[in-house]
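Read off the chains here:
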Amino acid sequence: SQLVGFVESTGNKQRPPPIIKTLVLARTGATMTDTAKLKDAFLQLDRDGSGSLSAAELGPLFDLVGVSLPPAQLQKYMDQVDKNKNGTLDLDEFIQICKECEGSDARGKKMSSAVQMLIKEHGGSSHSFSEAEVISFSNYVNEKLAEDPDCNKYLPLHGLEMFEKIKDGVLLIKLINLSSPNTIDERVVNKKPRNKFQMNENHDLALGSASAIGCSVVNIGANDMMAGTEHLVLGIVWQIIRIGLVRDINLKKHPEMRDILPPEDARKRPSAVSPEDLLLAWLNHLLVNAEVDKRVHNFTKDLQNSEAYAYVLDELASDEQRPEMHTPATILADNDPVKRADLLLENADVMDSRKFVSPTDIAEGNYKLNVAFIACLFNKYPGIHEKRDSNADKDPDVLPLIKWVNEQLKNADSKRRIKNLTSDIEDSEVYYTIVKFIADDSEKEIIDQLDGFEGGDGSKRAEIVVSSAEAIRCRGNLQSEDILGGDREKNIEFVRELMQKDTDPDVQPLIKWINGKLEEAGSDRRIKNLASNLQDCIVYAKVIWAISDATERRKTDALKNIHEEKDTTIRAELILQSAAVINCSPRMTPEEILEGDKEKNVHFTKILMNKETDPSTCKLIRWMNEKLDKTDSDRRISNLTNDIQDSEAYAMVLSQICHEDQMNEVDCLNELTQESEYLERAVILLKSACIVVSEPLISAQDISEGDRDQNIAFVQQLMDVETDEKLSYLLDWINDHLRESGDKRRVRNLTSDLKDFHVYSVLVNSLVVAENPQEEDLDASKQGVQPDDVILKATNLGCNYQPSKAEIFNKNRSENIKFIKSLRDAEARNKKMSGVAVESEDRLTNADSSDTDDDSLTLAIAKYINENLKDDDLCCKYLPLRRDDIYSKIRDGVLILKLINHSVPETVDERVISENPKDEAQMMENLDLALGAASSIGCSAATMSSSDIMDGNRPVVEDFLWQIIMIGLVSKINLQQHPEMKVLVSEDEDIKNLMALSPEELLVRWVNHHLKNSGTDRRISNFTSDIQDSEAYIHLLRELGNHKQKDQMHHPDSVLIEPNHATRAELTLQSADVIGCRKFVSPTDIAEGNYKLNVAFVANLFNKYPGLEAKENDGDEDTSDIVHEETREEKTFRNWINSLGLKTPDGKWTAPYLNDLSHGIADGIIIMAITDTIKPNEVDWKRVSFPPFHKRKAEILGRQNCMYAIEHVEHLPGVKLVSIGGNDIYDRRVTLVLGLVWQMMRAYTQNILDGLSGDQPESKSQADVDNYIINWTNDTLKQRGKETHIKDFKDKEIKKSLVIIDLIDAIRPDIVNYDIVEKQPTTPEQLMDNASLAINWARKAGARIYALPEDIVEGKNKMVMTIFACLMARALQNR
């Protein structure tokens, strides 16, 4: 009673000893029958938030009453009380056990007492949470979601802000997709929820998805999340984070870990071994390696003193990291557990592994944060680690030498490695290998004459090493006995001397750069010094050629044959002449090259490097020289420092980029050349520059002194002026509004002229007038317009881009362009309120943010177009495309049309292209033609409009261009083009299954086929995570290459030994380069699993090296009834379906690309998706079965789908199904399938007409609709004074195409050019010419035509009907 009184009276906050707590509980009368309190105790014990208790989680319960049970006894106790024998205790089992404990044996009473303590400690039904965990989880979210633009408004999280900012569900959804990628289709997320209902929808989606990936969400609802209930929010956040951290910590990913598990765990099924069990085993494995007695049985008290952590980190650290770290002895010398943990985390910081835990978290034994910290360690250093060699030299001064030796051995393709400079080099092989490797050619000849190393005894070998060292002038004081005796000091001195020869800090980067250029030039030559290796001039010739542009190469053509010149003096003179051509003249004579003057060669190499390799200036220098090329001067620059100090280059460039009316004021060249002082010249120059740019970003002193950074800024500013001229439509739009508002200001650029927000206030006022004339204007006349007011008003009026004020003030050009385009789009929407435009904006808003920021994809598209259209005369003026100008250069449609014809030749009749569009109207016509042509080849462009491309809607345009490219890449990846692909059919299926696969699925099988042939066990199932480690690719490339190519490729073992995935990927791509297939992907794209680019990479590989041969027993198999050449009708219908972009309303299923019509729709889902597109909500998608199907149920489910699909197709207007059922679809009866798809296509077309016309016939019969279209056609032709007409869609006059051309001219008079139309076509060629013009002009008029010219000439009345129907729809839409 005295103890109790002391505790109650003092209110002691410290944790009382167990006996005190037991007595206090006795006073309170808490019993083990209070279910609510038991539930709280259960939640406190459930540290991993899994909804059940493991044996390890029961340990802390017994610790409370002073009973510490080892893991084996805890497991034994668990086995006794686990009623359902699933290895864990759920809540009901826990409550039942607690109720049974009272009055039971001693252990039960102990547990009863412990549970009561736990209840009391956590205050009964009140819930607590750890602020340390909140901070830690917030930091994790801040780091991992920092690059996601959707999360910008939430981040960074600070402490308890998590509970508030997670209320709308967006962060929770993003976190789920981070931990388990692609779990949630973000297109269905309310990313900007406007009310509680949308927040509730987000949380329902999040909780359902969390449950699907393994989180326990029992008794947690959307209301709990929206209310920010701390312990529930923190619990679900921890579960999601944990799932991401331990995703790869299992025996399936790491089967080698079974060897280090305790016997009782090693016998379990892989799925029965938890990640926590594996992590404990891994920690103890490392402690065994460290030769210490410490072992870990839990993630709490066993880690509190930091001892285990100290040895584990020391064991994981590399030789390079260890010198920067505290030793375990240093850490453990401090008795304060927090200070120990602080030192420990400094070590983790060196290893870039300081995650989740703070020193206090370790010292207090925070279970969750310790698990997270260890999981991060495991993910960075996974698997079983070899015990560190006790012979390894740990001297921090020696470690860099050992590292250098091992690097040279690796570069020399030796498998030998060392750990010390004594015993590991006594056999002389290491020194001999390195000396030969770093020797130049002349030195190597001397070494090769020293016979007897191979097979010689130890003394002989050591003597040869000493003689070899003399040959390369690196012997120093080394004697043969020093090598044999392992003299550490002498060996250290010798290695340092070797390093000095090879690693001269001024020379090594230059050597590396030259060798890189030699590799780019396709030369096998490599150098090791900047003296004798350059004397023959051939290396210089290849380097100069590699860094020259096309113009320079024409002037240095003689370099290609320099090796044929025997006179070395002439060679050296030619090198210096060529260097002058590329503006890289060195202060060097031919004799100095021939003598191998190292200092002069270093200087010359630096000049060459400065021309080509400076990433900040290369593009700017090239642009300056392009401007200088247009002048009469021979002046060129190779840097942005001393080459422009005299201001002359700037003066010439200004004269090239200014307006004609500015020429007289800007031309200052004559005036400044009269001044001798550079500073005075720069002053004159800047007076002229102010006429072109309002505020030059450079001073006269910066120019005269050659300030590199300021020159870069100024040249970029000049480039922007020229580029702004290419965006003149934006400048015109701004100035029109300024003029209309009576403002005298005019904008000449998209940077400094906008920085004070005055112009923006005028533009926003224009939107106010257009949208709501009664709304109050911003006062543009005020001094100092408030930027916040401008941005807020713009947002309220529909502008969907909010710029950064700071970036506008700092004249950020990109930020201004985005804001202006967004204002312009808002104006267009407010004026037109067009359904197409609104739909386009919705797609932009909901576009996947990863696509929006995917620079890799944009770069791949630009490179593909540059490479494949470079020889097209019409494309020359656009190329080369760069990542930052691709969207401006395609907006007139010409490049897109050319790209379509490259992917599917003759799709576009190039006679109808407006090659030099004079205005936006002609650009729009080209773009309409492109959209129609792209749809006809299968691109999904149903919801796209020309304005999306004109306005540079990046995610939409990028996806559109990529579809066109991919259609060209996968057009031959099918069984019709490659019947030998029959070998990809697996043993338990027939060829029909293969026919139904998309190109991507076929490529997966193709890759696995070659992987199997290569002898590796590796297989893939996707082009994302399965290829990130490059293992599949390196084996695939080796399998595709011939013997000669394989010899030039990296061996898989040498690639896979690299731990870094990006390094592996680079080596893999070097092997791809050997067979000419380094396309689309960068090392980063492979390492990050970029789906689109990896599919393109593999498709290109297939097209170039299919490498398939039919099986020997396949010769007798007749598959002609299954695999047949695709008819034109099948191709048209297939492309129509592909162009629709079909998906289910919930977005969970998206139609795959159809390779084969009848096989691709055989599961019925696509038929139902088309039906639902024509007649929304017709299909009950809950009744539909989606793949992948279980093999035994595949046929049953497929036939059920097909029968259900037929039920709904019959409900479509005008559709009459005779003698066709669901089984016919499943059985791929081609004739019946074609009939069905034709009727659906007709219904789709009719549905469009119904939506546009208000006077269609009441009857929906086929004859009535046909008559309706025919009457409209004839009426339209008559109203426009045309003499042509049609009787029906079988009218033979249609074959001439004249009536179609007249109809196009009737609805769009500016499209048709009658000068190229054959007025009386009779021959097949003339008929086809007219038909091609008709189809293409129809598309140019905006009609989405799927028919082909052959359909018109051959009188295919069904397809002819669609042409007239589409033209009618377009006319009605225009009306």
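## So, the overall build of the chain
In step 1: When helices and strands are counted, the chain shows 71 helices and zero strands.
In step 2: Within the chain, buried positions represent 52% of all 1375 residues.
In step 3: Restricting the contact set of the chain to residue pairs at least 6 apart, pairs at least 24 apart contribute 61%.
In step 4: Accessible surface, the chain as shown: approximately 63,900 Å² in total, 46% of it carbon and sulfur.

## Here we look at the pattern of salt bridges
In step 1: By the definition in use, this model includes 52 salt bridges.
In step 2: Among the ionic pairs, Asp185 bridges to Arg187, the shortest N-O distance being 2.5 Å.
In step 3: In this structure Asp185 comes out as partly exposed when scored by relative accessible area, which is 24%.
In step 4: A salt bridge links Lys410 to Glu1058; the nearest nitrogen and oxygen atoms lie 2.4 Å apart. Within this pair, whereas Lys410 is found in helix α21 (residues 399–411), its partner Glu1058 is found in the loop between α57 (1052–1056) and α58 (1061–1074), the two being separated by 648 residues in sequence.
In step 5: Assessed through its relative accessible area of 13%, Glu1058 is described here as buried.
In step 6: Members of the salt-bridge network, linked through shared partners, are Asp148, Asp150, Lys174, Glu186 and Lys191.

## Considerations on the nonpolar core
In step 1: Grouped together as the largest cluster of nonpolar side chains are 176 residues, with contacts concentrated most on Ile896, Phe960, Trp1006, Trp1136, Ile1137, Ile1300 and Phe1364.
In step 2: No other element matches helix α71 (residues 1357–1374), which puts twelve residues into this core.
In step 3: Setting aside residues no more than four positions away along its own chain, Trp1136 makes contact with Ile1170, Val1237, Met1240, Met1241, Tyr1244 and Tyr1346.
In step 4: Counting 86 residues, the second largest nonpolar core, distinct from the first, contains Leu157, Ala310, Leu313 and Ala341.

## Examining the packing of aromatic side chains
Within a pair of aromatic rings, the relevant descriptors are the distance that separates the centres and the angle that separates the planes.
In step 1: Evaluation of the coordinates by the stated rule reveals 18 aromatic pairs.
In step 2: Judged by centre distance (5.0 Å) and plane angle (70°), the rings of Tyr1033 and Phe1097 are edge-to-face. With Tyr1033 in helix α55 (residues 1031–1040) and Phe1097 in helix α60 (residues 1091–1104), this pair connects stretches of sequence that are 64 residues apart. Across the pair, Phe1097 and Tyr1033 agree in class, each one buried.
In step 3: Clustering of aromatic rings is evident, with ring pairs tying together Tyr864, Trp962 and Phe1080.
In step 4: Sitting over the ring of Phe453, Arg461 keeps its end group 4.3 Å from the ring centre.
In step 5: Here Arg1228 stacks its cationic end above the ring of Tyr1226, 5.3 Å away from the centre of that ring.

## Section: helix α18 (residues 337–350)
In step 1: When the terminal C-alpha atoms of α18 are compared, their 20 Å separation across 14 residues agrees well with the 20 Å that a helix rising 1.5 Å per residue should span.
In step 2: Residues of α18 that are buried: Arg340, Ala341, Leu343, Leu344, Leu345, Asn347 and Ala348.
In step 3: Where the residues of α18 are buried, they touch α16 (307–316), α17 (328–332), α19 (359–364) and α20 (367–380).
In step 4: Looking at where α18 begins, the residue whose side-chain oxygen comes 2.9 Å from the main-chain nitrogen of Val338 is Asp336.
In step 5: Looking at the residues trailing α18, positive phi occurs at Asp352, about 55°.

## Looking at the environment of Lys1295
In step 1: Position of Lys1295 among the secondary structure elements: in the loop between α67 (1262–1279) and α68 (1298–1307).
In step 2: Assessed through its relative accessible area of 31%, Lys1295 is described here as partly exposed.
In step 3: Between the alpha carbons of Lys1295 and Gly1355 there is a distance of 6.2 Å; along the sequence they are 60 residues apart.
In step 4: In contact with Lys1295, other than residues within four places in its own chain, are Leu1327, Ile1352, Val1353, Glu1354 and Gly1355.

## Topic: the side chain of Asp702
In step 1: Along the chain, Asp702 turns up in helix α38 (residues 700–705).
In step 2: With a relative accessible area of 16%, Asp702 lands in the buried category.
In step 3: Among residues more than four places away in sequence, those in contact with Asp702 are Asp707, Gln710 and Asn711.

## So, unusual backbone geometry
In step 1: A cis amide bond links Leu155 with the next residue in sequence, Pro156, at an omega value of 0°.
In step 2: On the secondary structure map, Pro156 appears in the loop between α8 (131–144) and α9 (161–165).
In step 3: Cis geometry is found at the peptide bond from Leu879 to Pro880, where omega equals 0°.
In step 4: In this fold, Pro880 is placed in the loop between α47 (855–869) and α48 (886–889).

## Focus: the packing of helix α50 (residues 920–936) against helix α69 (residues 1324–1340)
In step 1: Taken N-terminus to C-terminus, the directions of α50 and α69 make an angle of 115°; their axes are 7 Å apart at the nearest point. Between α50 and α69, the contacting residues are Glu925, Asn926, Asp928, Leu929, Gly932, Ala933 and Ser936 on the first element and Asn1336, Arg1339 and Lys1340 on the second.
In step 2: A breakdown of the residues in the contact of α50 with α69 according to their chemical character gives two nonpolar, four polar and four charged.

## Describing the environment of Ser761
In step 1: Within the element layout of this structure, Ser761 appears in helix α41 (residues 758–771).
In step 2: C-alpha of Ser761 to C-alpha of Lys793: the two residues are 32 residues apart in sequence and 9.2 Å apart in space.

## Let's talk about α21
Residues three or four positions apart in an α-helix share a direction because the helix packs 3.6 residues into each turn.
In step 1: Given a rise of 1.5 Å per residue, 13 residues ought to cover 18 Å, and the 18 Å separating the end C-alpha atoms of α21 matches this to within 8%.
In step 2: Two residues or fewer past α21, Asp413 is found with a positive phi of approximately 65°.

## Topic: the packing of α16 against α20
Packed helices, taken two at a time, are described by their axes: the angle between them and the distance between them.
In step 1: Two numbers describe how α16 lies on α20: the axes approach to 12 Å, and their chain directions differ by 15°. What the angle tells us is that α16 and α20 run roughly parallel. Note that α16 runs across α20; the crossing there is left-handed. Between α16 and α20, the contacting residues are Tyr309, Leu313 and Leu316 on the first element and Asn370, Phe373, Ile374 and Leu377 on the second.

## Regarding a negative patch on the surface
In step 1: On the surface, a cluster of negative charge is made up of Asp567, Glu573, Glu591 and Glu595.
In step 2: If you trace the backbone, Asp567 turns up in the loop between α29 (550–555) and α30 (568–581).

Scoring rules and cut-offs
Residues numbered from 1 in each chain as written. Predicted model: local features only at pLDDT ≥ 70, side-chain atom pairs only at ≥ 80, totals over all residues. Heavy atoms only, no water. Helix = DSSP H or I, 4+ residues; strand = E, 2+ residues; numbered from the N terminus. Buried < 20%, exposed > 50% of the residue type's maximum accessible area, 1.4 Å probe, protein only. Contact = heavy atoms within 4.5 Å. Areas by Shrake-Rupley, 256 points an atom, 1.4 Å probe, with all protein chains shown as cover. Salt bridge = Lys/Arg side-chain N within 4 Å of Asp/Glu carboxyl O. Core = buried A, V, L, I, M, F, W, Y, C linked by side-chain atoms within 4.5 Å. Phe/Tyr/Trp six-rings, centres within 6.5 Å; stacked < 30°, edge-to-face > 60°. Lys NZ or Arg CZ within 6 Å of the ring centre and 35° of its normal. Expected span 1.5 Å × (residues − 1). Polar contact = N/O pair within 3.5 Å; in protein donor to acceptor, adjacent residues only side chain to side chain. Axes fitted to C-alpha atoms, helices over the stretch in contact; angles between N-to-C directions. Nonpolar A, V, L, I, M, F, W, Y, C, P; charged D, E, K, R; others polar. Parallel < 35°, antiparallel > 145°, perpendicular 65-115°, else oblique. Left-handed = near helix turned anticlockwise from the far one by under 90°. Patch = residues over 30% accessible without salt bridge, like charges linked within 9 Å, V, L, I, M, F, W, Y side chains within 5 Å. Lys, Arg positive; Asp, Glu negative; His and termini not counted. Charge placed at Lys NZ, Arg CZ, Asp CG, Glu CD.

Shape is all these values report; function is a separate question.
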